[in-house]
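Residue strings, one per chain:
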Amino acid sequence: MRYMGAKTAALTALLYAGPAAAQEAPTAEGAPAPAAEGTTEGAETLEVKADPLADSYVERKPTSGGKGEAIDVLALERRVDVVPKALMRDLGATEVDQVFRTLPNLVLTEEGAFNLRGFGAGRGAMTFDGLSNSPYRVLTPSLVNVERVEVMKGPAGVLYGTGHAGGSINLILEKPLDHDRYEFAAYFSTLGQARVEVDGTGPLVGDDTLMYRVNLALEDSETFRANGQIDNALGTIALTWKPHDRVETTLQTMFFEDVRTGGRGYGYPILQGDPEFLPRETSINEATDRRRNAVMWGTLTTRVELADDWSTELALFASDFRYSNRYHEGRRNSENVDERFIDRQWRDQSVDSAMQGYDLRIRGAFEAGPTTHTLLVGHDVRRFENPMFPAIRARISNPRSAENPDGAAPLDLYTPDYRAAAEETYRLTGDNETTADRLNLGAYTTYRLSIIDDIHLMGGFRWDSYEETTENINYLTDETGGTEDDSTALAMQGGLVYEVLDDALSVYATLSTGFREQSWFAQTNPNGPFDPFRFTQYEVGVQGLALQGALQASLAVFRIDRENELVPDPDPEAPANARVSQGVTRSEGIELTVGGRPYKGWDITAQLGILDARVLESTGDNVDDPIAQVPEMTAGLWLAHDLGRIPLRLFGGFSYVGERPTHSDDSNPLATVMPAYAIFDVGGRFDVGGWSAQLNFFNLLDETYFVHYRPPAHSLTPGSPRGVRLVLSATF
């Protein structure tokens, strides 16, 4: 991989740049180790106690529900699930989709995309520290610099603007610390993974006025799929400057380059109606297929305390995204669905995309008698240039036959010959380029009223405006075209929380709405452009704490309607591909979660999700059919135990995903069902004096399972087979 030597040297330099003498690791990140016992004459006695839950599975005050403001779960009017650092470490997770197993009604749909509460969320949908500026457009985000993962359920249009009906995933990034800390980790897996990570932080000039944090990661890994290889490098630099006790500025930057050979890693076709007919290693991609992502990303956030309870915060962000992909993609239809040979397209895509924006907000609070009033007012702007609209050169198979001996050979799925079809054997059918420019403007406000700390009322609204212009040129035909969309949207939210028992039990009810603009591909439809999707969620629930907050439990019941779904045009004279925005889909469900430290030395997280997601209104024949790739049930359990007398921590658990239909129309000839599965993982970690060795055994029973379905090739993507990973780490 390019620059590998320089990056390796940087890793080595940082690893040995620690203090002259190794320091004892702090009890919790962000807090120095407790002072030694004993006092001197005339000195004031100071007792420092470590937080007993600092490294547990408990996070009592998530920030996503208040857009940067920590709100206690008992006062929160909606569900926010949290995966803290301790749980991510025990799971052995290095990418965000590896923590989905601990979250109800959340499943992967394809690389970098997911389905939450019955509704899909595309790539780039995740927020970072509450900002809609994801640097990951076609990749699953790395956890190398992530402190915790927060999942806010349901539409969040008031706080975050355009989004998704099922909810949003917010990654809280690690910040610089005011004490020196250095960590090195190396990963080795029987499935071919080789990875190193370095994390260094501390004061930059000897005090806590200026602090830094650096994260670096290098990976050179194989995959269990044929022709698969991953090479990437990621680096982050964060600086925090505190020139005054009321002023704080943090600069965060990230760069990464990710190169994957063997194509996108999509699945292989279903044969003879049996998802397990072909081995998991099967791939329809050539070894010469190659995808490259290169990103530079940054945010600059300044927070000023105007008064004791009033502050303002300005966050500036920008990113530059470069993408290229040369790969084969299979094509299936109802006529050749069971054939062992598959024709393929060959595609050459490239993207150069940029984003800039800011988020300005003012928040404050005041008390009046037995009431507390909290206000948030904000304004944000996002500008996209060519937001993931690629230039495409597409070639389709030119089948070899007696009349066409020089044509492209289809791929034999039983005995694939990956060198039989070269680029020149395909017929060029598309040579297109699309450019786009999008501007989003938003203004929002929320108000929270607390009465005697027992009753909490919340309300808010947001107004958005977005303009998008696209231009398209077909270089084969010289045809040009384009679209223009100029729309506004209003989102609202209201909620009520009643704390039945102080610091123990609360009940809540909330109504929230949201929206999302239709995709560019939909807007080019003969009847386009279309109004944005509209979401409405009704939710009631219970939040509880026990054992002095060491154990958390929650129960939520919800219903979400998504309107303006595109459905076939009922006009018999309309073109076959014409659509109208008259459809409605609905998701109704229940979520139950339990997590925390019920007893010293024991940690637990468990969850259950039940969903009924269906087409509610449509002009087609699929009314009451289930929504594609949505399981009716998800469940999981994870336990960890510290043995105590020896520094050994053992952990393990399972995750279950129910059956999922591949299509939202049962009459589709390709419609099938993805089988349910249960995956069991176990592991352990040995810690001595800042040194650690961890083993994770994945998919212990070697279950064959599938993580998502891709319609063009009628293909399922398999999950990983049984594997073992060793992680060696040191903290100073």
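These numbers were taken from a predicted model, which means no experiment stands behind them.

(A) Examining the sheet that holds strand β2 (residues 106-110) more closely. Pairing is antiparallel across the open sheet formed by 3 strands, whose spatial order is β2-β3-β4. Only two strands of the sheet have a single partner each, and these edge strands are β2 and β4 (119-121). Across the sheet, the mean angle from the axis of one strand to that of its neighbour is 30°, orientation sign disregarded. In this sheet, strand β3 (residues 113-116) lies alongside β2 in antiparallel orientation, the contact comprising 4 bridges.

(B) Main features of the side chain of Ser353. Checked against the element boundaries, Ser353 lands in strand β16 (residues 341-368). Classification of Ser353 as buried rests on a relative accessible area of 0%. Of the polar contacts made by the side chain of Ser353, one reaches the backbone oxygen of Glu385; its length is 3.4 Å.

(C) Representation of the pattern of salt bridges. Within this structure, the stated rule accounts for 59 salt bridges. For the salt bridge of Arg260 with Glu95, the shortest nitrogen-to-oxygen distance reads 4.0 Å. Placement of the pair is Arg260 in strand β12 (residues 247-261) and Glu95 in the loop between α2 (85-91) and β2, with a sequence separation of 165 residues. Taking relative accessible area as the criterion, Glu95 reaches 24% and is therefore assigned partly exposed. Across the pair Glu423 and Arg326 runs a salt bridge, and its minimum N-O distance is 3.5 Å. Placement of the pair is Glu423 in the loop between β19 (411-412) and β20 (426-451) and Arg326 in strand β15 (residues 310-331), with a sequence separation of 97 residues. For Arg326, a relative accessible area of 37% translates into the label partly exposed. A network of salt bridges, in which partner residues are shared, links Asp55, Arg89, Asp90, Arg597, Asp603, Asp642, Arg649, Arg685 and Asp687.

(D) Representation of empty space enclosed by the protein in the model. One pass over the structure, following the stated rule, counts 7 cavities of 30 Å³ or more. A volume near 340 Å³ is recorded for the second largest cavity. The leading source of residues in the lining of the second largest cavity is strand β1 (residues 80-84), at 5 residues. Partitioned by chemical class, the residues of the lining of the second largest cavity number 14 nonpolar, 10 polar and 3 charged.

(E) Representation of the environment of Glu367. As for its position among the elements, Glu367 is in strand β16. Between the C-alpha atoms of Glu367 and Tyr599, which are 232 residues apart in sequence, the distance is 38 Å.

(F) Quick peek at the nonpolar core. Ranked by size, the top nonpolar core spans 48 residues in total, and within it Val96, Val99, Phe100, Phe114, Leu143, Val149 and Ile169 carry the most contacts. Of the residues forming this core, the biggest block, 4 residues, is contributed by α2. Apart from residues lying up to four places away in sequence, Ile169 is in contact with Phe100, Leu106, Phe114, Met126, Thr127, Val149, Glu150 and Val151. In this structure, Ile270, Leu278, Tyr709 and Ala713 belong to the second largest nonpolar core, which totals 16 residues.

Scoring rules and cut-offs
Residues numbered from 1 in each chain as written. Predicted model: local features only at pLDDT ≥ 70, side-chain atom pairs only at ≥ 80, totals over all residues. Heavy atoms only, no water. Pairing = 2+ DSSP bridges. Helix = DSSP H or I, 4+ residues; strand = E, 2+ residues; numbered from the N terminus. Axes fitted to C-alpha atoms, helices over the stretch in contact; angles between N-to-C directions. Buried < 20%, exposed > 50% of the residue type's maximum accessible area, 1.4 Å probe, protein only. Polar contact = N/O pair within 3.5 Å; in protein donor to acceptor, adjacent residues only side chain to side chain. Salt bridge = Lys/Arg side-chain N within 4 Å of Asp/Glu carboxyl O. 1 Å grid on protein atoms, 1.4 Å probe; cavity = no way out; pocket = protein on both sides within 12 Å on 5 of 7 lines; lining within 4 Å. Points joined across faces, edges and corners; volume = space filled by probe spheres on them. Nonpolar A, V, L, I, M, F, W, Y, C, P; charged D, E, K, R; others polar. Core = buried A, V, L, I, M, F, W, Y, C linked by side-chain atoms within 4.5 Å. Contact = heavy atoms within 4.5 Å.

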